[in-house]
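# Inside the fold
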Amino acid sequence: MLADLSLTDLGWDDRFAESLPADTLPARVLRVDRGAALVHTADGVTHVRLSAQLRRAGAQDPVALPCAGDWVALHPLPDGGHAADAVLPRRTAVVRGGVARLTPGGLSGDGQGQVLAANVDVVLVAEPARHADDPADLGRIERLVALAWESGAVPVVVLTKADLLPTGLGDLLDDVTAAVPGAEVHAVAALDGQGLDAVGRHLGPGRTAVVLGPSGAGKSTLVNALAGTPVMATQQVRAADGRGRHTTVHRELVVLPGRGLVIDTPGLRRVGLYEMSDGVERVFADVEDLARQCRFTDCGHGTEPGCAVLAAVDSGALPGRRLESWRLLQREAAWMAARTDARVRSEQTKAWRSETRLRRRTGNSRP
Ligand SMILES: Nc1nc2c(ncn2[C@@H]2O[C@H](COP(=O)(O)OP(=O)(O)OP(=O)(O)O)[C@@H](O)[C@H]2O)c(=O)[nH]1
Ligand SMILES: [Zn+2]
């Protein structure tokens, strides 16, 4: 499946080479199983252990552990195998927070992060145009796109299973586009091949994409269609209720012959936000613009006179749903920030975040 790939095919370049410690070998992580990783080196695919140092760092903060898409530095072991010593600084990282739950006392939950994918150029947010009897979930798209912007990669929304809407997409494409200002939205019917070209334009040799979305969204089907050949197992028989059954169990980096790499992920049930600097602001750029026009700079968009946000809701220009979604994600981001400030952040996270911010400032979204 992964035969004859050079490091360059895998996304290696001079900048990664500069960060490689002396006397180590680079390898790209395809998949992580507890305590070990499947990696691709210049010589092919092999299993490696994680060094004690790396496991200790991961025990303190799971964000320090390697994940699919990471570059790691290997050193040889006496038994002929290799161990991964270090994760090279990430250029981008999709990190989910622990799940925050709304309880009578406010938000509670676990403040630790988990890296879903590293060093990706594009995040494909897969949402079914129709999921069982439910229409596409705009709130879920907003949440995942916020996570995607925060990663430093470019989000692209893919409305899957477009063929399941026999009368066409109607207003759906417009509604989704309005929910993610600045991001592209494409409708795809992967089984018929429709809409794949527009998504494929974001891929290419040496580039890496990750597909995020709920179970049953058609992520693996999309990956196979983009690959032009089955590289991932998909749900063979539709579950009775049409929802997902978690066919993909690992996050895994796979090769799309001639068009780069993609990380397929298991369906995400609930995704908490992790550290948010501008992810939420970007997704709600239109609402933030309105908020700047409110009469009071500290307007809570509740009962204040001269509130431009509520005026937009009243006029129908801004869906009330979107205002609620903005409030929810802001609250969650603030709660997570309070949790993570107290936590010692790993050097890894700092490196990728400062690089992301730098790229944003220089306007270069492509690493
Ligand atoms: N009609 C239709 N069905 C699709 C399409 N894409 C995927 N499916 C079906 O949807 C079901 C789920 O697809 P998968 O690709 O396994 O979904 P997944 O998102 O990878 O699911 P997990 O691995 O559980 O996260 C399968 O029965 C697919 O055949 C599509 O474009 N149209
Ligand atoms: Zn206001």
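Just so we're clear, the structure is a prediction, and the values are computed from it rather than from any experiment. (Residues numbered from 1 in each chain as written. Chains lettered and ligands numbered in written order. Predicted model: local features only at pLDDT ≥ 70, side-chain atom pairs only at ≥ 80, totals over all residues. Heavy atoms only, no water.)

Let us now look at the sheet that holds strand S13 (residues 154–160). Reading across from one edge, S14-S13-S10-S15-S17-S16 is the order of the six strands in this open sheet, with mixed pairing throughout. For this open sheet the edge positions go to strand S14 (184–187) and strand S16 (252–255), each flanked by a neighbour on one side alone. The sheet shows a mean angle of 25° between the axes of neighbouring strands, direction not considered. Both strand S10 (residues 122–128) and strand S15 (residues 208–212) contribute to a ladder of four bridges, which runs parallel. (Pairing = 2+ DSSP bridges. Helix = DSSP H or I, 4+ residues; strand = E, 2+ residues; numbered from the N terminus. Axes fitted to C-alpha atoms, helices over the stretch in contact; angles between N-to-C directions.)

The next subject is the coordination of the zinc ion (ligand 2). Ideal coordination angles are 109.5 degrees for a metal with four donors arranged tetrahedrally and 90 or 180 degrees for a metal with six donors arranged octahedrally. Around the zinc ion (ligand 2), the donor atoms from the protein are Cys-294 (SG), Cys-299 (SG), His-301 (ND1) and Cys-307 (SG), and they sit 2.1 to 2.4 Å away. Between the donor residues of the zinc ion (ligand 2), the gaps in sequence give the motif C-x4-C-x1-H-x5-C. Each member of the pair, Cys-299 as well as Cys-307, carries the same accessibility label: buried. (Donors = N, O, S within 2.8 Å, 3.2 Å for Na, K, Ca; no water. Buried < 20%, exposed > 50% of the residue type's maximum accessible area, 1.4 Å probe, protein only.)

Moving on to helix H6 (residues 219–227). A turn of α-helix holds 3.6 residues, and therefore any two residues three or four places apart point the same way. The buried fraction of H6 is high, at seven of nine residues. What H6 keeps buried is the set Lys-219, Ser-220, Leu-222, Val-223, Asn-224, Leu-226 and Ala-227. Looking one or two residues past H6, Gly-228 carries a phi angle of roughly 75°, positive in sign.

So, about the pairing of S15. Counting buried positions along S15 yields five of five residues, so the element is predominantly enclosed. Here S15 shows two buried faces, one formed by Thr-208, Val-210 and Leu-212 and the other by Ala-209 and Val-211. Pairing geometry for S15 and strand S17 (residues 261–264), over four bridges, is parallel. Within S17, the residue paired with Val-211 across the bridge is Asp-264.

Another point: the sheet that holds strand S5 (residues 82–87). Pairing in this closed barrel of five strands is mixed, and the strands run S1-S2-S3-S5-S4 around the ring. When the angles between neighbouring strand axes are averaged without regard to direction, this sheet yields 55°. Where strand S4 (residues 71–76) meets S5, five bridges bridge the pair, whose relative direction is antiparallel. Bridging from a neighbouring strand, Ala-73 pairs with Ala-86 of S5. Packed on one face of the sheet, helix H2 (residues 52–60) meets strand S3 (44–50) and S5 and runs near 45° to S5. (Contact = heavy atoms within 4.5 Å.)

Spatial relationships are all this shows, so hold off on functional conclusions.
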